[in-house]
Number of protein chains: 2
Amino acid sequence: MEGRQNPLRNDGKTIRLDYTNMMAGSIGGGRGITPEEIEGLVPRVSAIAADIDVKRETGEWGFYALPYDMGALEEVNRMATSFLDRCDDFVVLGIGGSALGGIALFNALCHPLHNLLSRADRGGNPRIFFIDNVDPVTFKSLLDFLNPEKTVFNIVTKSGSTSETVSQFLIVRQMLIDRLGRKSAGEHIVVTTGAGKNRLRTIAGEEGYALLTIPENVAGRFTVFSPVGLFPAAVSGIDIDDLLSGARYADERCRTDRLWQNPAYLGGALHYLANVNKGLSINIMMPYSDALLQVAYWFRQLWAESLSKADTVSGERINVGQTPVVALGATDQHSQLQLYTEGPCNKMITFLLVENSGVSVPIPPQSGDFAYLGGHGLEELIKVEARATRLALTEAGRSNMSLIIPEINPFTVGQLLFLLEVQTVFTGCLYDVDPMVQPGVEASKRHIHGMMGRSGPDKERTEKGRYIV
Amino acid sequence: MEGRQNPLRNDGKTIRLDYTNMMAGSIGGGRGITPEEIEGLVPRVSAIAADIDVKRETGEWGFYALPYDMGALEEVNRMATSFLDRCDDFVVLGIGGSALGGIALFNALCHPLHNLLSRADRGGNPRIFFIDNVDPVTFKSLLDFLNPEKTVFNIVTKSGSTSETVSQFLIVRQMLIDRLGRKSAGEHIVVTTGAGKNRLRTIAGEEGYALLTIPENVAGRFTVFSPVGLFPAAVSGIDIDDLLSGARYADERCRTDRLWQNPAYLGGALHYLANVNKGLSINIMMPYSDALLQVAYWFRQLWAESLSKADTVSGERINVGQTPVVALGATDQHSQLQLYTEGPCNKMITFLLVENSGVSVPIPPQSGDFAYLGGHGLEELIKVEARATRLALTEAGRSNMSLIIPEINPFTVGQLLFLLEVQTVFTGCLYDVDPMVQPGVEASKRHIHGMMGRSGPDKERTEKGRYIV
């Protein structure tokens, strides 16, 4: 049995997983995990790793290949450059997996006030907007605000038929034609869609839009390293070469079938044991960094859609799935910590901790009541808050682990996202569910089509006897 | 027994609660609530309502009085006007309850692109920033960006000693003194703090800052109708008279002790029964409106801190508390719906539905695959998505209710927030916990003080034997 080690040193580039406070040595009340419980999974790991290798080599799980696709990388970089000068504003129209990866990268790696800066202070890059909803007020406000002559719209939908994104596209296309004429309109549209035949791809061909391709063997929520995530990132000025380099580095570390050495597999095993053996049905991701907040939202989709399944692959009804929850440190100490400390013991927390923020924001020296703050810096305070909260939660018997990120840059962010993808896939294998499907969203889609008049009855229209006050 | 009624008509101003899909007639699997279960709470309601009336009349629960405090309203309006011309940028420094109410109002009632508009297009109002974290990168970026001569900082902390807010204040004060001189610096600071003696209030007096007062009998998370929420709202150009008028209207509706007639009490009873009788330990609020997203985050603190308690008021150990979760429609249909439909049956959802968005965003007529979308509008699509998702979840046996909001304006938003406050307080009474305290956050605060060198040992410094990979 392996595992108890001296802390790995901060080498400036490697993300480490500290799971001390998941373990029985730290967490009482029967909710700590024992090394024996982890060891008990080892026999399953070889088989799972072999199965993953097959799915990877056959291309069934295509996301593994994305960080190695240098052709796509070059094409994205080339296209980003070619659109830069016609583009003061860059608008991504997409929803779910078509938006969350790009949002996560933008939030993590661009200036916090990017859209308010001058173009020069943005490094010559455009303002960036992700419109991942069909809220009519938001959409109208944005269209009224933009200058279509200097705006590029990136339409992102793998199927080419997502109702929300297609609706946005149809409105924008008409607006561009009305304002710029049919010939120029197409120069302001980039379509990112699946490789197979679909209606949007056909339109893009007919109307001469620039086109980027999503491999069909990559599920939407695993597309961050495809043009879905890479193109908006490149337009934002993010070094996507470094990003993919980080993803490949995570792949190297997370490929071994030695459970105790693989941070993604070990992370997955801890989540699985926490849920199945300890009843921790809520999975909180809590970055202590504003820049990583949207990584947590990206992960929330990844975790929820991949692992929440009614049935196993062999058809057993299990209705499984931890509920992912996003919290932000230190902010949510003043919102959710009361719940995490005193509420039901049904949660685990993964902290995202940044070791070096790269800035210094000193608090001036003080006397009196505030002397304990003076002379420190905000960069120190936020780390102390994380340590203090971790300690308080551990003392209260609340399971937690930490992903320790040396600093935030494209390499570490690429590493983090890929590690979390592998963790998710591995956890799905432990549950024996298919992490790449989402059958539970079909009923809602069917009803939408019915209610919009495509087909089928609208049952709710005939519903009677409501309770209302 | 009451309750089954014809749907209330949309009168253009009244928020209605549709709880049909919480009930056994709609939800199977033993998770639907029966009218008899609700009726079973009626005997407790008179006693609870009487207790609430006492706490309200004695001023123990001061938030009930806020919508009636015309003096505070006038002072806030006067001060907002007086600061307007020295203020291109208005920055709120606060955390938790000191920020969330203001953020919710700003998000709900200002233009979605407020900070990107010209001052004229913002109605003459400044840009608004809420800095509710101590992230050093965010903070430094903002300070570097702002012009201190044209910026006003609103420091909000009821205790006057919140570590995060005090740290921000100390940094900003020094920056203002360095840049503008000691005399002018004070003209750029407005302190909002508790009525009692505290260190920040003393400094404000000594240095001549403008001062707004939070009544001591209002818990931080219930301060949205105090100057905490009202001042940033007024500076943003929100009609706070209408806001309070809406709160008073909700108070009228939510004061009756007739359970079946009181939307706040009935909402609370349904949450309580769902958790205690049906095991629905996760409480999702899902607005189908970008503008209401931050209302859901405000509610998330209100619900978590007020109701998650280790002990009842009589000292019984219960570790109670639903976990509040925020989701956004239609966006999160593409992120969380798979979990909500197929995952464990441990959740309930409250939809926030807006009947009239006030805008029209038509999708051009189409033939072929997209014909079902053409001729409709986004304002219609988002409502159809909500109906379809509600129907799909109900068919899958997932409990849900809807707060139906005629349209978004200061009156309805005031109504909504006050209704949710009363619902929370009433639910706390059903659990027999004190909704106004948060003892679970003290350990973390103690550790922060210790680690920052104020006092006490830092246990984690001596921790040995970590698990890390």
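The model shown is predicted, which means the values in this text are computed figures rather than measured ones.

1. Quick look at the overall build of chain A
Of regular secondary structure, chain A possesses 16 helices and 12 strands. Relative to the compact-globule value of 23 Å for 469 residues, chain A shows a C-alpha radius of gyration of 24 Å, a close match. Pairs at least 24 apart in sequence give 75% of the contacts found in chain A among residues at least 6 apart.

2. Section: the interface of chain A and chain B
Residue-level contacts link 119 residues of chain A with 119 residues of chain B. Of the residues in the side of chain A that touches chain B, the class split is 55 nonpolar, 42 polar and 22 charged.

3. Regarding the packing of helix H4 (residues 100-109) of chain A against helix H9 (residues 227-236) of chain A
Residues and elements named next belong to chain A. One way to put it is that H4 packs onto H9 with a least axis distance of 8 Å and a crossing angle of 30°. Taken together, the axis directions place H4 and H9 in an arrangement best described as roughly parallel. Helix-helix and strand crossings are classified by hand; for H4 and H9 the assignment is right-handed. Side by side, H4 and H9 meet where Gly101, Gly102, Leu105 and Phe106 of the first sit next to Val228, Gly229, Pro232, Ala233 and Ser236 of the second. Taken together, the residues of the contact of H4 with H9 sort by class into five nonpolar, four polar and no charged.

4. Some words on the nonpolar core
One finds Val76 of chain A together with Val76 of chain B to be the most contacted residues of the largest nonpolar core, which totals 315 residues. Dropping the residues within four chain positions of it, valine 76 of chain B is found in contact with Leu212, Pro227, Leu230, Phe231, Ala234 and Ile240 of chain B.

5. Details of the confidence of the model for chain A
Any region with low pLDDT has predicted coordinates that should not be read closely. In the predicted model, chain A carries a mean pLDDT of 95, and 96% of its residues have values of at least 70. Under a pLDDT of 50 for its full length, residues 1-6 of chain A has, in the predicted model, nine contacts with residues more than four places off or in other chains.

6. Description of helix H11 (residues 263-276) of chain B
Residue and element names in this part refer to chain B. Helix length check: H11, at 14 residues, gives a terminal C-alpha distance of 20 Å against a target of 20 Å (1.5 Å per residue), a fit within 8%. Among the 14 residues of H11, 12 are classified as buried, and the element is accordingly described as predominantly covered. Among all positions of H11, only Pro263, Ala264, Tyr265, Leu266, Gly267, Gly268, Ala269, Leu270, His271, Tyr272, Ala274 and Asn275 are buried.

7. Some thoughts on the sheet that holds strand E7 (residues 282-287) of chain A
All names here are of chain A. Taken together, five strands build an open sheet; the order of strands is E1-E12-E11-E7-E10 and the sheet is mixed. The open sheet has two free edges, formed respectively by strand E1 (16-18) and strand E10 (323-326), since each of these has just one partner strand. Averaged over all pairs of adjacent strands, the angle between their axes in this sheet comes to 20°, without regard to strand direction. As judged from the four bridges shared by E7 and E10, these two strands associate in the parallel manner. Each residue of the ladder has a partner; that of asparagine 283, found in E10, is proline 324.

8. Observations concerning the domain arrangement of chain A
Residues and elements named next belong to chain A. Domain assignment breaks chain A into domain 1 (16-40 + 244-436) and domain 2 (62-238). Here the C-alpha centroids of domain 1 and domain 2 sit 30 Å apart. With 23 residues of domain 1 at the interface, the matching set in domain 2 holds 21 residues. Of all the elements in the fold, those that place two or more residues in the side of domain 1 that touches domain 2 are helix H10 (240-253), helix H12 (293-307) and helix H15 (410-431). The biggest single contributor to the side of domain 1 that touches domain 2 is H12, with nine residues. Within the side of domain 1 that touches domain 2, the residues separate by chemical class into 15 nonpolar, three polar and five charged.

9. A few points about the relation of the copies chain A and chain B
Aligned on chain B, chain A shows an RMSD of 0.0 Å; the corresponding rotation is 180° and the shift along the axis is 0.0 Å. On the angle and the small slide along the axis, the relation comes out as a two-fold axis. A share of 100% of the interface residues of chain A reappears at the interface of chain B, consistent with the copies meeting face to face through the same patch.

10. Some remarks on the environment of proline 35 of chain A
Residues and elements named next belong to chain A. Position of proline 35 among the secondary structure elements: in helix H1 (residues 35-39). Residue classification places proline 35 among the partly exposed positions, given that 16 C-beta atoms sit within 10 Å. Each C-alpha atom of the pair proline 35 and alanine 24 lies 8.3 Å from the other, and the pair is 11 residues apart in sequence.

11. Brief notes about the sheet that holds strand E3 (residues 127-131) of chain A
Residues and elements named next belong to chain A. Spatially, E3-E2-E4-E5-E6 is the arrangement adopted by the five strands of the open sheet, whose pairing is parallel. Two strands lie at the open edges of the sheet, namely E3 and strand E6 (210-214), each paired on one side alone. On average, each strand axis in the sheet is inclined to that of its neighbour by 15°, with strand direction left out of account. Alignment of strand E4 (residues 151-157) against strand E5 (residues 189-194), held across five bridges, turns out to be parallel. By the bridge assignment for E5, isoleucine 155 is matched with valine 191.

12. A look at unusual backbone geometry
Most peptide bonds take the trans form, and the phi angle of most residues other than glycine is negative. All names here are of chain A. A cis amide bond links glycine 329 to the next residue, alanine 330, at an omega of -5°. Despite not being glycine, aspartate 432 has its phi angle at roughly 65°, a positive value. Here aspartate 432 shows up in the loop between H15 and helix H16 (442-451).

13. Examining the pairing of strand E6 (residues 210-214) of chain B
Residue and element names in this part refer to chain B. Of the pairings in the sheet, the one linking strand E5 (residues 189-194) to E6 comprises five bridges and is parallel in character. What sits directly across from threonine 192, in E6, is leucine 212. Handedness of the β-α-β unit built from E5, helix H8 (residues 199-207) and E6 comes out right-handed.

Reading guide: rules and limits
- Residues numbered from 1 in each chain as written.
- Chains lettered and ligands numbered in written order.
- Predicted model: local features only at pLDDT ≥ 70, side-chain atom pairs only at ≥ 80, totals over all residues.
- Helix = DSSP H or I, 4+ residues; strand = E, 2+ residues; numbered from the N terminus.
- Rg over C-alpha atoms; globule rule 2.2 N^0.38 Å.
- Contact = placed C-beta atoms within 7 Å.
- Nonpolar A, V, L, I, M, F, W, Y, C, P; charged D, E, K, R; others polar.
- Axes fitted to C-alpha atoms, helices over the stretch in contact; angles between N-to-C directions.
- Parallel < 35°, antiparallel > 145°, perpendicular 65-115°, else oblique.
- Left-handed = near helix turned anticlockwise from the far one by under 90°.
- Core = buried A, V, L, I, M, F, W, Y, C linked by C-beta atoms within 7 Å.
- Buried ≥ 20, exposed ≤ 12 C-beta atoms within 10 Å, placed from the backbone.
- pLDDT = per-residue confidence, 0-100.
- Expected span 1.5 Å × (residues − 1).
- Pairing = 2+ DSSP bridges.
- Domains from an automatic or database assignment.
- Least-squares fit on C-alpha atoms with pLDDT ≥ 70 in both.
- Right-handed = clockwise from strand over helix to strand, strands pointing away.

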